[in-house]
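# Fold and geometry: a report
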Amino acid sequence: MAKPGYVVLAPDMTPLQAVLQSGGFKRTAKLESVLLLTPGTDGTFSAARVDMGQVVNRGVAERVRLHPNDVVYVPPTWIADMDNVVDEYVRGLIPGLPRVGLGSAVSQ
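Summary of the structure given here.

Rules used throughout
- Residues numbered from 1 in each chain as written.
- Predicted model: local features only at pLDDT ≥ 70, side-chain atom pairs only at ≥ 80, totals over all residues.
- Heavy atoms only, no water.
- 1 Å grid on protein atoms, 1.4 Å probe; cavity = no way out; pocket = protein on both sides within 12 Å on 5 of 7 lines; lining within 4 Å.
- Points joined across faces, edges and corners; volume = space filled by probe spheres on them.
- Helix = DSSP H or I, 4+ residues; strand = E, 2+ residues; numbered from the N terminus.
- Nonpolar A, V, L, I, M, F, W, Y, C, P; charged D, E, K, R; others polar.
- Buried < 20%, exposed > 50% of the residue type's maximum accessible area, 1.4 Å probe, protein only.
- Lys, Arg positive; Asp, Glu negative; His and termini not counted.
- Salt bridge = Lys/Arg side-chain N within 4 Å of Asp/Glu carboxyl O.
- Polar contact = N/O pair within 3.5 Å; in protein donor to acceptor, adjacent residues only side chain to side chain.
- Contact = heavy atoms within 4.5 Å.

### Concerning the layout of surface pockets
The calculated volume of the second largest pocket comes to roughly 190 Å³. Elements with a minimum of two residues in the lining of the second largest pocket: β2 (45-50) and α2 (52-58). Ranked by residue count, the leading element in the lining of the second largest pocket is β2, at three residues. Class assignment of the residues belonging to the lining of the second largest pocket gives a composition of six nonpolar, one polar and four charged.

### Points about the side chain of E62
Take E62: it is sitting in the loop between α2 and β3 (71-73). R65 provides the closest opposite charge to the buried, unpaired E62, separated from it by 5.7 Å. A polar contact of 3.1 Å, which involves the side chain of E62, links it to the backbone nitrogen of L16. Leaving out residues up to four positions away in the same chain, E62 has contacts with T14, P15, L16, M52 and V55.

So this is what it looks like as C-alpha cells:
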C-alpha cells in the first residue's frame, strides 16, 4: 500500500476499498497474494490469501468484507524484495558502487 496505516472501517468495506483509502497499491505490490489477517477471540490471527489481481485486472467482484481489527497485508513482489537486498547489503558493503539509472555527474 502506498500509505500503510489504520483505515476507518465503513459498513461492508472490502479489502480493495481499504487499500484505496490508504493510497492504492504500489507498483511493486504482489496483487495475487494479499493476506487478510483476522483476529480470533483467543488473541491469535487466522490468515487467508486474497487474489486482488483478479479484482483489479479482471473486474472479479469481491466477496470478502472486512471486520473490526482485520489486517490487510499487501506483500511486495520478489523483485522489490531483491532491490531491498541489494540496497541494504550489497551497496552497504561496497560504498563506491554507483546506482544504475538516469542522471549526470559534474566533475571539476
